[in-house]
Amino acid sequence: MLRANDPTLHSWIEISPTSDFPIQNLPFGIFQTHTKTPRVGVAIGDYVLDLCVLGQYNMFELIDIDPTVFNRPFLNDFIAQGKPIWRAVRNRVSDLLRNNNDEICGNPELMEKCLLKMSEVQMLMPVKVGNYTDFYSSIEHATNVGTMFRDPKNALLPNWKHIPIGYHGRASSIVVSGTPVRRPNGQTKAPDEPAPAFGPTRLLDFELEVAFITGRETNHGESILPEEAEDYIFGLVLFNDWSARDIQTWEYVPLGPFLAKSFASSVSPWVVTLDALKPFRVKGPEQDPKPLPYLQLAGEHNYDIHLEVFIQPEDGAENLVSRSNYKYMYWNMHQQLAHQSSNGCNIQIGDMYASGTISGSEKGSYGSMLELTWRGTQALVLSDGTERKFLHDADTVIMRGYGERNGIRIGFGEVSGKVLPAL
Ligand code: MN
């Protein structure tokens, strides 16, 4: 067991048992305040620990790290230090927060400077995203979409069980939780319309996804084996891959998603390390037929992470509309990364690889409005009595996720975004 994951650990900071951020989590993020420039922080209970200040007080002097990497507007330079270093930093932060350690809590001046209320900081994009790939790895989602748009008898295309299908998305429009998302304009054409038109999407949707962030680069020409992939992954975030279904339907043949997806994707601000998620490893679904050798991997490589989606109308209550789980993924992230790099395309630090919409087998576990309302044929009724087939202006979509084992909850916080009317 990793030392920082020990379920018996307790902190001198009081932490609610329902908090996403107990001492066993310690996710990394980037924050700023009115007086502090963007820098690296760690979430602990309702607080943020300022690693930049801890570096100034020589709290990392036993680790071979230049502490100025904490004084940066993105995590990339910290991540680039390598897995032994980011693991050592997490262990050190864990030590400093333990109830038998007084290096911070016995030093009022340091404590005042390094511990901030989470409600008083602004979270920023955790990484500078170089490249963004969106996979399509949930068999339930791919089956639902294939059933709706093509043929229920042959819902999965012949390649689906052989290739972790994906496409290259836009890195430039990935935004952090809390950033409003403008309803996009685009070209659409309904089957009964004679010609296409340009205007606001009428079928705005969310996609419930989890994304992994790479922490090690490859040289151009190199590829990664599935059993090595773990060493290349820094951590995970929740990911809302906003989608415009009417634009998508008209544009996607033959080259796949384009402007229906690239207007925005939203991410949760705290990167939960793969180390912290180790207790939640489970076996994935049986893969039949067996994948080709470059994708084969035995063992537990899926993660049991509960996922929830809420829709909140303006000034209204949160409505739980979906409950899913990251463990449903047919293709796991190790296979996705092995596939992504199998042609020699180089991997960079801070790349994001999203899972694809994560749907379960039950209706209440579908990860998009497209599936929840079955292409708009069955409206959802919210607690205020209003109906939703797709998202309305001023709706806020909130996604939350956490794993729970041995009474310890390792959570992601949330990713939320409010829909603004089209321009
Ligand atoms: Mn997607």
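Look up a bit, the structure's there.
Residues numbered from 1 in each chain as written. Predicted model: local features only at pLDDT ≥ 70, side-chain atom pairs only at ≥ 80, totals over all residues. Heavy atoms only, no water.

## Quick notes on the sheet that holds strand 20 (residues 306–312)
Strands pair in a sheet through their backbones, by hydrogen bonds, and they do so in one of two ways: parallel or antiparallel. Defined as follows: The criterion for strand pairing is that DSSP finds at least two bridges linking the strands in question. A run of H or I in DSSP becomes a helix once it reaches four residues, and a run of E becomes a strand once it reaches two; helices and strands are each numbered from the N terminus.
As summarised here, the arrangement of the five strands in space is 9-26-25-20-21, forming an open sheet in which the pairing is mixed. With partners counted over all chains shown, the strands left at the sheet margins are strand 9 (181–182) and strand 21 (319–325), one partner each. The pairing of strand 20 with strand 25 (residues 396–405) spans seven bridges and is antiparallel. The residue of strand 25 that forms the bridge with Val309 is Met399.

## What about the pairing of strand 10 (residues 185–188)?
Where we set the bar: Relative accessibility under 20% of the residue-type maximum defines a buried residue, over 50% an exposed one, and the middle range a partly exposed one, all with a 1.4 Å probe and only protein chains included.
Side chains Gly186 and Thr188 of strand 10 all project onto a buried face; the interleaved residues Asn185 and Gln187 project onto a face where none is buried. Sheet topology places strand 10 next to strand 11 (residues 197–200); four bridges connect them, and they run antiparallel. By the bridge assignment for strand 11, Asn185 is matched with Pro200.

## Focus on the sheet that holds strand 4 (residues 115–117)
We count it as follows: With axes taken as lines fitted to C-alpha atoms, and helix axes fitted only over the stretch in contact, angles between N-to-C directions fall between 0 and 180 degrees. Only heavy atoms enter the contact rule, under which two residues are in contact if any of them lie within 4.5 Å.
The strand order 4-3-2-1-5 describes an open sheet built from five strands, whose pairing is antiparallel. Both outer strands of the open sheet, strand 4 and strand 5 (122–124), are each paired with one neighbouring strand and no more. Strand-to-strand twist of the sheet, defined as the mean angle between neighbouring strand axes without regard to direction, takes the value 50°. Both strand 1 (residues 28–32) and strand 5 contribute to a ladder of three bridges, which runs antiparallel. Bridge pairing in strand 5 links Phe31 to Met123. Across the face of the sheet, helix 3 (residues 83–97) comes into contact with strand 1, strand 2 (39–44) and strand 3 (47–50) while running at roughly 70° to strand 1.

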